[in-house]
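What follows is the residue order along each chain.
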Amino acid sequence: MARVEPVVEALAIHKSFGDLEVLKGVNLTVAPQELVFIIGPSGSGKSTLLRCCNLLEEPSSGVVKITGEDITAAGVDINQVRQRIGMVFQSFNLYPHMSALGNVSLALRKVKKQPRAQAEAKAQEALERVGLAHKADAYPTELSGGQQQRVAIARAIAMEPDVMLFDEPTSALDPELVGSVLEVMRELRKSGMTMVVVSHEMRFARDAADRVLFMDAGMVVEEGPPDEVFGAPKHERTKAFLASVNGH
Amino acid sequence: MVEWEVIRFSFFNLETLQEIWPMLWRGWLMTVQLCVAVVPLGFFAGTILATIYSLRIKSVNAALIVYVDFFRSVPPLVLLIYVTYGIPLLLGADIDAFVAVLFAFTLNSSSYFGEIVRAGIESIPKGQMEAARSTGLTTLQAMRYVILPQALKNVAPDLTSNTIELIKATSIASVVALPELLRMGRVAQGLVYNATPLIAVAVIYLIMLWPMVRLLSRLERRMMSSR
Ligand SMILES: Nc1ncnc2c1ncn2[C@@H]1O[C@H](COP(=O)(O)OP(=O)(O)O)[C@@H](O)[C@H]1O
Ligand SMILES: [Mg+2]
């Protein structure tokens, strides 16, 4: 049988900031429609790994392929590639001077070069998918954290990416607002989106993840289906981490 | 009240004012032309300098720092005299006084505007650029649509204050005989032998700048309350 082309293939990624080696040869492969969940202690390199996938960080060495295309090769138009990789940040990073609709339609207009009317119709559709069609004209400061993060998700999915990267999408939210964001992510998963999620929401991981990676000190220590990693972790460091997270 | 009569004659002489009014009017038009050219030029040049600076190319930034430091250290009058009398020597040809003044003030004001805009850009969280780039916008698109609109708003009071300073500084051009407001006021003064023209010049500057000073106060108050 022919091998299914992975959507994301990061091979032997090393990344150093000066003398500090943050990623020490990490591999990450994500199949179409798969949800890969990444856990690990703070500072273990989870964000850096995600950011290497769309080259917000340049890997010191290693190869990143998106749907088979080597995006770390010389001469690649990174802006072309980034349209196909959605990213959601812990701090939302909405543009405060634009309405929700403006936030979502900007890249459609300026990157995909769609006429304003078409871009705004598309943006409205994306806002609908995250349940915020009625907030199209609201500015970020007028929205709750949960709503802001959903607008940020709409901004990414409006581009119709091949994969979505989530970097702790609920960590900055008040507990009562986490659910609405996770709900949107579940819907996204149901619709067949390929996703990589860095998060501490273990319940969500158990429900929704196909595979869990545990990272520590710049390496993938353990990986497997959620039941295995959470239910019967093989490595001491995984056990210790899970104990510390479940402890509170 | 003989003394009051003397004061009125030398400083608030309405007959004189009537006589010299056309000169002041032409001077004012020249000042307005100068400002309408030099404020946008300095501002755009400064914004471009600040944008280039934000790309963090080491050698380029070193050159920009030299440029900005140099033109902020040289008094504008000295710069103006060098440009007006130096460039014709270098080129071997006369240049229009207006062009010389424009050039000198653009060099000078772009440094100030550049520093202000740079501070504005640096006040914007790094995540804004990252979010914009992650959707496929180029660095320049992200600057234009995401960073600069926020950055300029953050430094609106400084931009306004610098614009007021710049408009006042254009009166220096009188020294190199550009027939702007102050120059025409002094020429008129030479004709009528009293100080009324200079009083009129001051009043015209006041009327021109006072609304901007008000605007500045309002911007400053708004910034304070939005913190
Ligand atoms: N731009 C940077 N410059 C220097 N060090 C960085 C930078 N980004 C991250 N690091 C360091 O890399 C390590 C891993 O960070 P990160 O990937 O954010 O970890 P995690 O997301 O797992 O908490 C940390 O020690 C962090 O301080
Ligand atoms: Mg992180």
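Reading the values: the criteria
- Residues numbered from 1 in each chain as written.
- Chains lettered and ligands numbered in written order.
- Predicted model: local features only at pLDDT ≥ 70, side-chain atom pairs only at ≥ 80, totals over all residues.
- Heavy atoms only, no water.
- Near = heavy atom within 4 Å.
- Polar contact = N/O pair within 3.5 Å; in protein donor to acceptor, adjacent residues only side chain to side chain.
- Areas by Shrake-Rupley, 256 points an atom, 1.4 Å probe, with all protein chains shown as cover.
- Helix = DSSP H or I, 4+ residues; strand = E, 2+ residues; numbered from the N terminus.
- Contact = heavy atoms within 4.5 Å.
- Buried area = accessible area lost by both parts, 1.4 Å probe.
- Salt bridge = Lys/Arg side-chain N within 4 Å of Asp/Glu carboxyl O.
- Buried < 20%, exposed > 50% of the residue type's maximum accessible area, 1.4 Å probe, protein only.
- pLDDT = per-residue confidence, 0-100.
- Phe/Tyr/Trp six-rings, centres within 6.5 Å; stacked < 30°, edge-to-face > 60°.
- Lys NZ or Arg CZ within 6 Å of the ring centre and 35° of its normal.

All names here are of chain A. As a matter of local geometry, ligand 1 sits amid Phe17, Leu20, Val22, Pro41, Ser42, Gly43, Ser44, Gly45, Lys46, Ser47 and Thr48. The separation between an oxygen atom of ligand 1 and a polar main-chain atom of Ser44 is 3.2 Å. The backbone of Gly45 places a nitrogen or oxygen atom 3.0 Å from an oxygen atom of ligand 1. In isolation ligand 1 offers 560 Å² of accessible surface; the protein chains occlude 60% of this area. Counting residues per element, the shell around ligand 1 draws most heavily on helix H1 (residues 46-53), at three residues.

Glancing now at the interface of chain B and chain A. Often, the extent of an interface is quoted as the loss of accessible area on bringing the components together. Each partner contributes residues to the interface: chain B has 16 residues there, and chain A has 23 residues. Contact between chain B and chain A buries roughly 1600 Å² in total, counting both sides, with carbon and sulfur atoms accounting for 57%. On the chain B side of the interface with chain A, the three residues burying the most area are Ser134, Thr135 and Tyr145 of chain B, jointly 32% of the side's total. Linking chain B to chain A there are one salt bridge. For Arg51 of chain A, the salt bridge is made with Glu130 of chain B, and the minimal N-O distance between the two is 2.8 Å. At the junction of chain B and chain A, the tally comes to seven residue pairs in polar contact (both at pLDDT 80 or more). Broken down by secondary-structure element, the contributors of at least two residues to the side of chain B that touches chain A are helix H6 (126-134) and helix H7 (139-154) of chain B. Element by element, the count of residues in the side of chain B that touches chain A is highest for H6 of chain B, at seven residues.

As enumerated under the stated definition, the model contains 21 salt bridges over all chains in all. Taking the shortest distance from any N to any O, the salt bridge between Lys126 of chain B and Glu130 of chain B comes out at 3.9 Å. You can see Lys126 of chain B and its partner Glu130 of chain B sitting in helix H6, four residues apart, about one turn around the helix. Overall, the relative accessible area of 13% leaves Glu130 of chain B in the buried class. Via salt bridges that share partners, Arg51 and Glu57 of chain A together with Lys126 and Glu130 of chain B belong to a single interconnected network.

Chain-level pLDDT for chain B is 92 on average; 99% of the residues reach the 70-or-more range. We note a pTM of 0.92 for the whole complex and an ipTM of 0.94 for its interfaces.

Next up on the list: the packing of aromatic side chains. For the coordinates displayed, the defined rule picks out seven aromatic pairs over all chains. For the pair Phe43 of chain B and Phe44 of chain B, a centre-to-centre distance of 5.5 Å together with 55 degrees between the ring planes defines the contact as tilted. By relative accessible area, which is 53% here, Phe44 of chain B ends up exposed. A cation sits over an aromatic face here: Arg155 of chain A above Tyr95 of chain A, 4.6 Å from the ring centre.

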